[in-house]
Amino acid sequence: MEEYNSGEEVVFNPDEISVSVKECVEGVIGGTDYNQSKVNQWTASIVEHSLTHLVKQGRAFKYIVNCTIMQKSGAGLHTANSCYWDTATDGSAPKRRGFWDCFTHVQGTQRTG
């Protein structure tokens, strides 16, 4: 398990997380056209790269990263999630990418002890 700096800021910063996730998404898929045969590989890579990048920041958080990729076809997509946490320190950072839809959602909960 990665060590974290206990003296670091312990408030989840969704803007900072969104920037990190955007960099990961762009690094994996960039300006690529939608390709159904690569979606599984892309989602796995986006989640893996995002988690690796977040953990390397050394913050006292546990992270949950979800990624959904779908071709824009006019079809609807409905998702929901719920989490019980401390709203003063924990949070989430949803990120949506254009061209075709790539929804990435990060949740962070503060580690204790």
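Here's what I pulled together on the structure shown here. What you see is a predicted model, and the numbers here were worked out from it, not measured in a lab.

Attention shifts here to the overall build of the chain. On a plain count of helices and strands, the chain comes out with two helices and three strands. Counting the 113 residues in the chain, one finds 35% classified as buried. A fraction of 73% describes how many contacts in the chain between residues 6 or more apart in sequence connect residues 24 or more apart. Within the structure as shown, the chain displays about 7,200 Å² of accessible surface, and the carbon and sulfur contribution to it stands at 47%.

Moving on, we come to the packing of helix α1 (residues 14–29) against helix α2 (residues 39–56). Their axes nearest at 9 Å, the elements α1 and α2 cross at an angle of 140 degrees. Between α1 and α2, the interaxial angle falls into the category oblique. α2 is crossed by α1, and the crossing has right-handed handedness. Where α1 approaches α2, its residues Ile 17, Ser 20, Val 21, Glu 23, Cys 24, Val 25, Val 28 and Ile 29 are matched on the opposing element by Trp 42, Ser 45, Ile 46, His 49, Ser 50, His 53 and Leu 54. Per-class residue counts for the contact of α1 with α2 are nine nonpolar, five polar and one charged.

When the terminal C-alpha atoms of α1 are compared, their 22 Å separation across 16 residues agrees well with the 22 Å that a helix rising 1.5 Å per residue should span. Turning to α1, its buried residues are Ile 17, Ser 18, Ser 20, Val 21, Cys 24, Val 25 and Ile 29. For α1, the angular spread of buried residues about the axis comes to 165 degrees, placing them on one side. Relative to its buried face, α1 has exposed residues pointing more than 90 degrees away, namely Asp 15, Glu 23 and Gly 27. Backbone geometry just after α1 places Gly 30 at a positive phi near 45 degrees.

Procedures and definitions
- Residues numbered from 1 in each chain as written.
- Predicted model: local features only at pLDDT ≥ 70, side-chain atom pairs only at ≥ 80, totals over all residues.
- Heavy atoms only, no water.
- Helix = DSSP H or I, 4+ residues; strand = E, 2+ residues; numbered from the N terminus.
- Buried < 20%, exposed > 50% of the residue type's maximum accessible area, 1.4 Å probe, protein only.
- Contact = heavy atoms within 4.5 Å.
- Areas by Shrake-Rupley, 256 points an atom, 1.4 Å probe, with all protein chains shown as cover.
- Axes fitted to C-alpha atoms, helices over the stretch in contact; angles between N-to-C directions.
- Parallel < 35°, antiparallel > 145°, perpendicular 65-115°, else oblique.
- Left-handed = near helix turned anticlockwise from the far one by under 90°.
- Nonpolar A, V, L, I, M, F, W, Y, C, P; charged D, E, K, R; others polar.
- Expected span 1.5 Å × (residues − 1).
- Arc of directions from axis to C-beta.

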